[in-house]
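# Report on the structure
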Amino acid sequence: MNSRDRTIVYGVLIGAATGLMAAILLNRRAAEGDGETHITTGDGLKLGVILIGLLRAISSLGDDERKK
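As the structure is a prediction and not an experimental result, all values here were calculated from the model.

Glancing now at a nonpolar patch on the surface. On the surface, Leu47, Leu51, Leu54, Leu55, Ile58 and Leu61 cluster together to form a nonpolar patch covering roughly 610 Å² of accessible area. On the secondary structure map, leucine 54 appears in helix H2 (residues 41–59). Relative accessible area serves as the criterion here: at 47%, leucine 54 is assigned to the partly exposed category.

So this is what it looks like as structure tokens:
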């Protein structure tokens with residue numbers, strides 16, 4: 001397995017683990033409240049903007065080294 005394939009596999013595993021943890025936390029919060037998960041449109045938009053920012057930050061990793 002070359003470096004590119006290994007990076008993709010690790011990314012998939014980290015993404016799946018992160019998604020699982022997010023679902024667990026959301027369900028835990030719902031269990032403490034009224035038992036239902038409530039995500040408003042505003043919450044979804046905020047999360048989307050944060051995720052886009054995170055992806056942009058990840059894509060720019062190592063840019064300083066390439067410019068040298």
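This part covers helix H1 (residues 3–32). For H1, with 30 residues, the first-to-last C-alpha span of 43 Å sits near the 44 Å given by 1.5 Å per residue. Measuring from the backbone nitrogen of arginine 4 back to the side-chain oxygen at the start of H1 gives 3.3 Å, which picks out asparagine 2 as the cap.

Right, let's talk about H2 for a bit. An ideal rise of 1.5 Å per residue puts 27 Å on 19 residues; H2 measures up with 27 Å between its terminal C-alpha atoms. Counting buried residues in H2 gives 0 out of 19 residues, a small share hidden from the surface.

What counts, and at which threshold
- Residues numbered from 1 in each chain as written.
- Predicted model: local features only at pLDDT ≥ 70, side-chain atom pairs only at ≥ 80, totals over all residues.
- Heavy atoms only, no water.
- Patch = residues over 30% accessible without salt bridge, like charges linked within 9 Å, V, L, I, M, F, W, Y side chains within 5 Å.
- Areas by Shrake-Rupley, 256 points an atom, 1.4 Å probe, with all protein chains shown as cover.
- Salt bridge = Lys/Arg side-chain N within 4 Å of Asp/Glu carboxyl O.
- Helix = DSSP H or I, 4+ residues; strand = E, 2+ residues; numbered from the N terminus.
- Buried < 20%, exposed > 50% of the residue type's maximum accessible area, 1.4 Å probe, protein only.
- Expected span 1.5 Å × (residues − 1).
- Polar contact = N/O pair within 3.5 Å; in protein donor to acceptor, adjacent residues only side chain to side chain.

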